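Close look at the chain arrangement
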Amino acid sequence: MSRITVIGGTGYAGSAIVAESAGRGHQVTVLSRSLPEAPVSGVTYLQGDASDEASLARAIEGAEVVVAALAPRGSLSHTFRDVNRTLARLVDAAGVPLYVVGGYSTLRPAPGADRFVTDLSGYPEQFHDEIRMGAAIILEDLPATPESLDWVFVSPALRFGAFLPGERTGSYRLGDEVAVAPEDGGAISAPDYALGFVDLIEKGEYHRAQVNIGH
Ligand SMILES: NC(=O)c1ccc[n+]([C@@H]2O[C@H](COP(=O)([O-])OP(=O)(O)OC[C@H]3O[C@@H](n4cnc5c(N)ncnc54)[C@H](OP(=O)(O)O)[C@@H]3O)[C@@H](O)[C@H]2O)c1
């Protein structure tokens, strides 16, 4: 059993990770601005803004693992990278691993091929800024952190999100920075992504690395 803090643990990805973690007996703490309509039993929910360093520090105090599940949208549409950099600094100082809910765009369709983000022409223009901001976390910000920070960036398959149905199949495929279903980008439901995500936390086999989870 570990003490796991999930920053943004009431969102689409975060709430699935919270449910999976709590279901396995981990002691889970969540930070978000509002409380969930359907809280997970046994989880500690803290209300606060991740843009406020003191709120972040309070949420990660005593944690053995920290999960970043914020999104580069809404109130964080301009500050997402700064907030994640502050979080990374605090987690590094705490000496615990950081697992980041990432995006699909920084995966490669095949070994050695360009990452999807290098050509966004197939994606609606209104999402380009959001995609690039999320991509910068793994392309620039996490690699620039001190070596002492143990991070894992966990990309989902292309079809993942609140707009899609999320059935639990109980299985997933794990890849590195090459998408596990390159031919069509693949899909992963939130419960199965969370299953793979918490397996990664429990096994602790990856360090300063990008991985991806797809069906
Ligand atoms: N296929 C893909 O590549 C794909 C698809 C979907 C998502 N993603 C990635 O997954 C990550 C999570 O996305 P999501 O869809 O799960 O996001 P989401 O549903 O919007 O959830 C965001 C979470 O962060 C919290 N939050 C937002 N602003 C906050 C603030 N200022 N302070 C504290 N908490 C705050 C929200 O709660 P409050 O609003 O109550 O604060 C919520 O818990 C993102 O990096 C996203 O890019 C990737």
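So, here's what we can say about the structure. (Residues numbered from 1 in each chain as written. Predicted model: local features only at pLDDT ≥ 70, side-chain atom pairs only at ≥ 80, totals over all residues.)

In any sheet, the strands associate via hydrogen bonds between backbone groups, in a parallel or an antiparallel arrangement. Spatially, S3-S2-S1-S4-S5-S6-S8-S7 is the arrangement adopted by the eight strands of the open sheet, whose pairing is mixed. Each having just a single partner strand, strand S3 (44-47) and strand S7 (173-175) make up the two edges of the open sheet. For this sheet, the mean angle separating the axes of adjacent strands, direction not counted, is 20 degrees. Of the strand pairs in this sheet, S7 and strand S8 (residues 209-214) are connected by three bridges, and their pairing is antiparallel. Bridge pairing in S8 places glycine 175 opposite asparagine 212. Sitting on the sheet, helix H3 (residues 80-94) is in contact with strand S1 (3-7), strand S4 (65-68) and strand S5 (98-101), with an inclination near 175 degrees to S4. (Pairing = 2+ DSSP bridges. Helix = DSSP H or I, 4+ residues; strand = E, 2+ residues; numbered from the N terminus. Axes fitted to C-alpha atoms, helices over the stretch in contact; angles between N-to-C directions. Contact = placed C-beta atoms within 7 Å.)

Time to look at the pairing of S1. Of all five residues in S1, four are buried, a share of seventy percent or more. Relative to strand S2 (residues 27-32), S1 runs parallel, the two being bridged by five bridges. Its bridge partner lying in S2, valine 6 is registered against valine 30. Of the crossover connections in this fold, the one passing from S1 over helix H1 (residues 12-23) to the parallel S2 is right-handed. The pairing of S1 with S4 spans four bridges and is parallel. Bridging from a neighbouring strand, valine 6 pairs with valine 67 of S4. (Buried ≥ 20, exposed ≤ 12 C-beta atoms within 10 Å, placed from the backbone. Right-handed = clockwise from strand over helix to strand, strands pointing away.)

All right, on to the pairing of S2 then. Consecutive residues of a regular strand have side chains that alternate between opposite faces of the sheet. Taken across its six residues, S2 has five buried, putting it largely inside the fold. In the sheet, S2 pairs with S3 via four bridges, with the strands oriented parallel. Residue pairing across strands places leucine 31 opposite leucine 46, the latter belonging to S3.

All of the buried residues along helix H2 (residues 53-60) are Leu56, Ala59 and Ile60. Considered in projection along H2, the buried side chains sweep an arc of 90 degrees and stay on one side of the axis. (Arc of directions from axis to C-beta.)

Along the chain, glutamate 147 falls in the loop between helix H4 (128-141) and strand S6 (151-156). The spatial distance from the C-alpha of glutamate 147 to the C-alpha of aspartate 129 is 28 Å, given a sequence separation of 18 residues.

Here we take up the nonpolar core. Of all hydrophobic cores here, the largest spans 64 residues; its most connected members are Ile7, Ile17, Val66, Val67 and Ala68. Sort the elements by how many residues they give to this core and helix H5 (residues 190-203) lands first, with seven residues. Once residues within four sequence positions are removed from consideration, isoleucine 17 is found in contact with Val6, Gly9, Val67, Ala69, Ala194, Phe197 and Val198. (Core = buried A, V, L, I, M, F, W, Y, C linked by C-beta atoms within 7 Å.)

To continue, consider H3. In a regular helix each residue adds 1.5 Å, so 15 residues correspond to 21 Å; H3 covers 21 Å between its end C-alpha atoms and thus fits that length. Looking at H3, one finds that the buried residues are Phe80, Val83, Asn84, Leu87, Ala88 and Val91. On an axial view of H3, the arc spanned by its buried residues comes to 140 degrees, and they lie on one face. Positive phi shows up at glycine 95, right after H3, with a value of about 75 degrees. (Expected span 1.5 Å × (residues − 1).)

Purely geometric numbers; function is a separate question.
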